Amino acid sequence: MRRPLVAANWKMHGTRESVNALLAGLFQPLSTDCADILLFPAYLHIGQVAKALTGTTAALGAQNCAEQAEEGALTGEIAPCQLKDAGCHWVLLGHSERRLQLGETDAQIVRKFAAAQSAGLRPLLCVGETQSQREAGETLKVVTQQLSAVIDVLGIDAFAQAALAYEPVWAIGSGLSASPEQAQEVHAAIRTQLAGYSAEIAKKVRILYGGSVKAANAAELFAMQDIDGGLVGGASLNAQEFGAICRAALGS
Ligand SMILES: O=C[C@H](O)COP(=O)(O)O
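Residues numbered from 1 in each chain as written. Predicted model: local features only at pLDDT ≥ 70, side-chain atom pairs only at ≥ 80, totals over all residues. Heavy atoms only, no water.

In this numbering, the UniProt entry assigns the feature "binding site: substrate" (unreviewed entry) to Asn 9, Trp 10, Lys 11, Gly 173, Ser 212, Gly 233 and Gly 234. A maximum C-alpha distance of 14.0 Å places the annotated residues, which cover 226 residues in sequence, within one compact spot. Residue placement: Trp 10 occurs in the loop between strand E1 (5–9) and helix H1 (16–25). Judged by relative accessible area, which is 1%, Trp 10 ranks as buried. If we ignore the near neighbours within four places in the chain, the residues touching Trp 10 are Val 19, Leu 22, Leu 23, Leu 26, Leu 39, Phe 40, Pro 41, Val 49, Gln 63, Ser 236 and Leu 237. Mapping Ser 212 onto the fold places it in the loop between strand E7 (207–210) and helix H11 (215–222). Those residues in contact with Ser 212 that lie beyond four places of it in its chain are Ala 171, Gly 173, Ser 174, Gly 175, Leu 176, Ser 177 and Asn 217. Polar contacts involving the side chain of Ser 212 include one to the main-chain amide nitrogen of Gly 175, which spans 2.8 Å. (UniProt positions renumbered as here; feature names shortened; annotations may be inferred. Helix = DSSP H or I, 4+ residues; strand = E, 2+ residues; numbered from the N terminus. Buried < 20%, exposed > 50% of the residue type's maximum accessible area, 1.4 Å probe, protein only. Contact = heavy atoms within 4.5 Å. Polar contact = N/O pair within 3.5 Å; in protein donor to acceptor, adjacent residues only side chain to side chain.)

This is the structure:
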């Protein structure tokens, strides 16, 4: 049985003050044993969130990292070893906003994945198709290619400590979630692809769904066999809403 994981991606949101208010509102979900909870604040707020999470079981992650594990002369970048030092356990990689708006390639994502792991961070790799790819019937092809890009270079063992998030681009921030059946179809395909390399890893790896997850739809999404939790954007900026999503994971 896979323990549910609910992750909050705060993206480029928040001030020191609003982050403190959000953390205060999250005190109850963070201290209730309903799911593994993971917060991805903006880089600037990592220290502040790390301090607030002391004594809770919640984990901390960064939304991105540099392509090399160690520090060096690379202006404006943040090395995985620095994230680890700041208290991060996880790093989000391959989010569609980075792939599509910043031109991040599979090759870069693979280098970040390797760098993160060698610094002791666990990657949460995002995959997902655009609206036009879905309409062209290319959903499974796109998602399996994004996953293969990592497995082909780093091998299946790279997923022993990692997690995946299926995030259909058309569902992100749109209010239009994939239906539980649409999401389950892709999650099952991802697990089957992993099982082609290692049945053990396929069984263990958590595959989160992301894309307009809210309190109102979380329970039905998390009830699906291969959906092991959520990667929550907008709704994670509201403590009550995110708390309800975490509680929904308890019933899954
Ligand atoms: O990383 C989170 C996803 O992009 C989902 O965002 P959303 O919940 O605002 O649709």
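Next up on the list: the packing of H11 against helix H12 (residues 239–250). Where H11 contacts H12, the two axes come as close as 9 Å, and the packing angle between them is 20 degrees. As far as their axial angle goes, H12 and H11 are roughly parallel. The handedness of the crossing between H11 and H12 comes out as right-handed. Residues Ala 215, Ala 218, Ala 219 and Phe 222 of H11 form the contact with H12, whose own contacting residues are Glu 241, Ala 244, Ile 245, Ala 248 and Ala 249. Taken together, the residues that form the contact of H11 with H12 break down as eight nonpolar, no polar and one charged. (Axes fitted to C-alpha atoms, helices over the stretch in contact; angles between N-to-C directions. Parallel < 35°, antiparallel > 145°, perpendicular 65-115°, else oblique. Left-handed = near helix turned anticlockwise from the far one by under 90°. Nonpolar A, V, L, I, M, F, W, Y, C, P; charged D, E, K, R; others polar.)

Quick look at the nonpolar core now. One finds Leu 39, Phe 159, Ile 190 and Phe 222 to be the most contacted residues of the largest nonpolar core, which totals 65 residues. Counting residues per element, this core draws most heavily on H12, which supplies six residues. Ignoring sequence-local partners within four residues, the contact set of Leu 39 consists of Ala 8, Trp 10, Leu 23, Leu 26, Val 49, Leu 53, Ala 59, Leu 60, Gly 61 and Phe 242. Counting 13 residues, the second largest nonpolar core, distinct from the first, contains Leu 5, Leu 38, Ala 59 and Ala 165. (Core = buried A, V, L, I, M, F, W, Y, C linked by side-chain atoms within 4.5 Å.)

What follows concerns the UniProt feature "active site" (unreviewed entry) in the protein. In this structure's numbering, the residues bearing the UniProt feature "active site" (unreviewed entry) are His 95 and Glu 167. Spanning 73 residues, the annotated positions come together in the fold, the maximum distance between their C-alpha atoms being 8.3 Å. Note on placement: His 95 falls in the loop between strand E4 (90–93) and helix H5 (96–101). Looking at His 95, the relative accessible area reads 5%, which means it is buried. Apart from the residues lying within four places of it in its own chain, the contact partners of His 95 are Asn 9, Lys 11, Cys 126, Glu 167 and Ile 172. Relative to the helices and strands, Glu 167 is located in the loop between strand E6 (163–166) and helix H9 (180–195). For Glu 167, a relative accessible area of 4% corresponds to the buried category. Residue contacts for Glu 167: discarding those within four places in its chain leaves His 95, Cys 126, Val 127, Gly 128, Glu 129, Ile 172, Gly 210, Gly 211 and Leu 231.

Another point: the site of the ligand. Taken together, 13 residues surround the ligand, and among them Lys 11, His 95, Gly 173, Ser 212 and Gly 234 come closest. One nitrogen or oxygen atom from the main chain of Ser 212 is found 2.7 Å from an oxygen atom belonging to the ligand. Between the ligand and Gly 234 there is a distance of 2.8 Å, counted from an oxygen atom to a backbone nitrogen or oxygen. In the complex, the protein chains occlude 96% of the 310 Å² of accessible area that the ligand would expose alone. Taken together, the residues of the shell around the ligand break down into four nonpolar, seven polar and two charged. (Near = heavy atom within 4 Å. Areas by Shrake-Rupley, 256 points an atom, 1.4 Å probe, with all protein chains shown as cover.)

Attention now goes to the sheet that holds strand E2 (residues 36–40). In any sheet, the strands associate via hydrogen bonds between backbone groups, in a parallel or an antiparallel arrangement. One closed barrel holds the eight strands; their spatial order is E1-E2-E3-E4-E5-E6-E7-E8, and the pairing between them is parallel. Averaged over all adjacent pairs, the angle separating strand axes in this sheet is 25 degrees, with direction ignored. Where E7 and strand E8 (residues 229–232) come together, two bridges link them in parallel fashion. Paired with Tyr 209 across the bridge in E8 is Gly 230. Along the sheet, helix H3 (residues 46–53) makes contact with E2 and strand E3 (59–62), crossing E3 at roughly 170 degrees. (Pairing = 2+ DSSP bridges.)

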